[in-house]
Amino acid sequence: MINTITEPVQAGAGGADFARVRRIVKTDEFSSVFRLRPVQKTAHFVLYTRTNDLPHARLGVVAAKRFAPRAVTRNTIKRVTREIFRQAALLNVDCIVRLSRPVNSKDGPATTAQLKRELRAEILRLFAAPACQPLKAHKAT
(Lines give C-alpha, C1' and ligand atoms only; values in the text may rest on other atoms or scores of the structure.)
Protein backbone atom coordinates (compact mmCIF):
# COMPACT_ATOMS: atom_id res chain seq x y z
CA MET A 1 0.00 0.00 0.00
CA ILE A 2 1.27 3.46 -0.89
CA ASN A 3 1.46 5.93 1.98
CA THR A 4 0.75 9.45 0.76
CA ILE A 5 1.24 12.60 2.74
CA THR A 6 -1.96 14.61 2.74
CA GLU A 7 -0.75 17.44 4.96
CA PRO A 8 0.71 20.49 3.21
CA VAL A 9 4.39 21.21 3.62
CA GLN A 10 4.97 23.38 6.65
CA ALA A 11 5.98 26.75 5.30
CA GLY A 12 7.92 27.86 8.36
CA ALA A 13 9.94 24.69 8.74
CA GLY A 14 13.57 25.20 7.91
CA GLY A 15 13.72 26.57 4.42
CA ALA A 16 16.05 23.88 3.17
CA ASP A 17 13.41 22.61 0.75
CA PHE A 18 11.91 24.05 -2.40
CA ALA A 19 8.33 22.92 -1.98
CA ARG A 20 5.50 24.36 -4.04
CA VAL A 21 4.64 26.86 -1.28
CA ARG A 22 8.08 28.42 -1.80
CA ARG A 23 7.53 28.99 -5.53
CA ILE A 24 5.82 31.76 -7.43
CA VAL A 25 3.74 29.84 -9.94
CA LYS A 26 0.71 31.92 -10.93
CA THR A 27 0.81 34.53 -13.67
CA ASP A 28 -0.81 37.21 -11.51
CA GLU A 29 1.79 36.63 -8.77
CA PHE A 30 4.58 37.13 -11.31
CA SER A 31 2.84 40.23 -12.69
CA SER A 32 2.42 41.84 -9.28
CA VAL A 33 6.16 41.54 -8.62
CA PHE A 34 7.16 42.63 -12.13
CA ARG A 35 5.15 45.85 -11.70
CA LEU A 36 7.74 47.00 -9.20
CA ARG A 37 11.12 48.42 -10.11
CA PRO A 38 14.11 46.07 -10.25
CA VAL A 39 15.98 45.90 -6.96
CA GLN A 40 19.32 44.67 -8.24
CA LYS A 41 20.93 44.17 -11.64
CA THR A 42 23.99 42.21 -12.68
CA ALA A 43 25.55 41.57 -16.07
CA HIS A 44 22.95 38.91 -16.99
CA PHE A 45 20.19 39.05 -14.38
CA VAL A 46 17.59 41.37 -12.88
CA LEU A 47 16.07 40.81 -9.43
CA TYR A 48 12.56 41.96 -8.55
CA THR A 49 11.30 41.72 -4.96
CA ARG A 50 8.11 42.42 -3.07
CA THR A 51 7.23 41.70 0.53
CA ASN A 52 4.51 39.13 1.08
CA ASP A 53 2.22 38.18 3.96
CA LEU A 54 3.60 34.66 4.23
CA PRO A 55 6.07 33.43 6.88
CA HIS A 56 8.57 32.43 4.18
CA ALA A 57 10.14 33.68 0.97
CA ARG A 58 9.08 32.58 -2.50
CA LEU A 59 11.04 32.41 -5.74
CA GLY A 60 10.26 32.69 -9.42
CA VAL A 61 12.85 32.24 -12.17
CA VAL A 62 12.41 33.48 -15.74
CA ALA A 63 14.96 32.27 -18.28
CA ALA A 64 13.81 33.14 -21.80
CA LYS A 65 14.80 31.00 -24.75
CA ARG A 66 16.07 34.03 -26.67
CA PHE A 67 18.73 34.68 -23.99
CA ALA A 68 19.63 31.02 -23.38
CA PRO A 69 18.81 29.09 -26.55
CA ARG A 70 19.57 25.65 -25.11
CA ALA A 71 17.34 23.98 -22.56
CA VAL A 72 20.42 22.65 -20.75
CA THR A 73 21.58 26.20 -20.12
CA ARG A 74 18.14 27.40 -18.97
CA ASN A 75 17.81 24.45 -16.61
CA THR A 76 21.29 25.10 -15.20
CA ILE A 77 20.33 28.72 -14.52
CA LYS A 78 17.15 27.64 -12.75
CA ARG A 79 18.92 24.93 -10.77
CA VAL A 80 21.70 27.24 -9.56
CA THR A 81 19.20 29.98 -8.66
CA ARG A 82 16.97 27.61 -6.70
CA GLU A 83 19.94 26.16 -4.82
CA ILE A 84 21.20 29.59 -3.75
CA PHE A 85 17.67 30.68 -2.82
CA ARG A 86 17.16 27.49 -0.82
CA GLN A 87 20.30 28.15 1.21
CA ALA A 88 19.60 31.86 1.74
CA ALA A 89 17.89 33.01 4.93
CA LEU A 90 15.15 35.15 3.39
CA LEU A 91 11.98 36.20 5.17
CA ASN A 92 8.55 37.01 3.70
CA VAL A 93 9.70 38.31 0.34
CA ASP A 94 8.75 37.30 -3.19
CA CYS A 95 11.82 37.22 -5.44
CA ILE A 96 11.88 36.93 -9.20
CA VAL A 97 15.18 36.39 -10.94
CA ARG A 98 14.96 37.19 -14.65
CA LEU A 99 17.62 36.50 -17.24
CA SER A 100 18.02 39.80 -19.11
CA ARG A 101 20.98 39.23 -21.46
CA PRO A 102 22.29 36.29 -23.48
CA VAL A 103 24.58 33.97 -21.52
CA ASN A 104 25.90 31.92 -24.43
CA SER A 105 25.13 31.05 -28.02
CA LYS A 106 24.35 27.89 -29.91
CA ASP A 107 27.92 27.83 -31.23
CA GLY A 108 29.74 26.97 -28.00
CA PRO A 109 29.04 24.35 -25.34
CA ALA A 110 25.72 24.52 -23.52
CA THR A 111 27.29 24.69 -20.07
CA THR A 112 30.80 24.78 -18.73
CA ALA A 113 32.27 24.88 -15.26
CA GLN A 114 33.30 28.48 -15.85
CA LEU A 115 29.76 29.47 -16.90
CA LYS A 116 28.33 27.83 -13.78
CA ARG A 117 30.83 29.70 -11.56
CA GLU A 118 29.97 33.02 -13.21
CA LEU A 119 26.23 32.41 -12.91
CA ARG A 120 26.60 31.41 -9.27
CA ALA A 121 28.62 34.56 -8.49
CA GLU A 122 26.04 36.82 -10.16
CA ILE A 123 23.10 35.17 -8.42
CA LEU A 124 24.86 35.39 -5.05
CA ARG A 125 25.27 39.14 -5.67
CA LEU A 126 21.56 39.41 -6.44
CA PHE A 127 20.51 37.77 -3.19
CA ALA A 128 22.94 40.01 -1.28
CA ALA A 129 20.74 43.01 -2.15
CA PRO A 130 19.36 44.85 0.91
CA ALA A 131 15.76 44.01 -0.06
CA CYS A 132 16.58 40.30 0.25
CA GLN A 133 18.36 40.43 3.59
CA PRO A 134 16.65 39.09 6.72
CA LEU A 135 15.17 41.59 9.14
CA LYS A 136 18.07 41.08 11.59
CA ALA A 137 20.50 42.49 9.03
CA HIS A 138 18.35 45.61 8.58
CA LYS A 139 18.23 46.27 12.34
CA ALA A 140 22.01 45.96 12.65
CA THR A 141 22.61 48.81 10.18
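Each remark here, short or long, concerns the structure printed above.
Residues numbered from 1 in each chain as written. Predicted model: local features only at pLDDT ≥ 70, side-chain atom pairs only at ≥ 80, totals over all residues. Heavy atoms only, no water.

Visitor: Summarise helix α3 (residues 113-127); cite the residues concerned and give the values.
Guide: Here α3 spans 21 Å end to end across 15 residues, near enough to the 21 Å set by a 1.5 Å rise per residue. Where α3 is buried, its residues touch β1 (40-41), β2 (45-51), β3 (58-62), α2 (71-87) and β4 (93-99). (Helix = DSSP H or I, 4+ residues; strand = E, 2+ residues; numbered from the N terminus. Expected span 1.5 Å × (residues − 1). Contact = heavy atoms within 4.5 Å.)

Visitor: Talk me through the packing of aromatic side chains; I want residue IDs and the actual numbers.
Guide: Applying the stated criterion across every chain yields a total of one aromatic pair. With a centroid separation of 6.1 Å and an interplanar angle of 50°, the aromatic rings of Phe-85 and Phe-127 are classed as tilted. Pair noted here: Phe-85 is in helix α2 and Phe-127 is in helix α3, with a separation of 42 residues, a long-range link. Considered together, Phe-85 and Phe-127 belong to a single accessibility category, that of buried residues. (Phe/Tyr/Trp six-rings, centres within 6.5 Å; stacked < 30°, edge-to-face > 60°. Buried < 20%, exposed > 50% of the residue type's maximum accessible area, 1.4 Å probe, protein only.)

Visitor: Give a detailed account of the environment of Lys-41, specifying residues and quantitative values.
Guide: Along the chain, Lys-41 turns up in strand β1. For the pair Lys-41 and Leu-126, spaced 85 residues apart in the sequence, the C-alpha separation amounts to 7.1 Å. Setting aside residues up to four positions removed in sequence, Lys-41 forms contacts with Val-46 and Leu-126.

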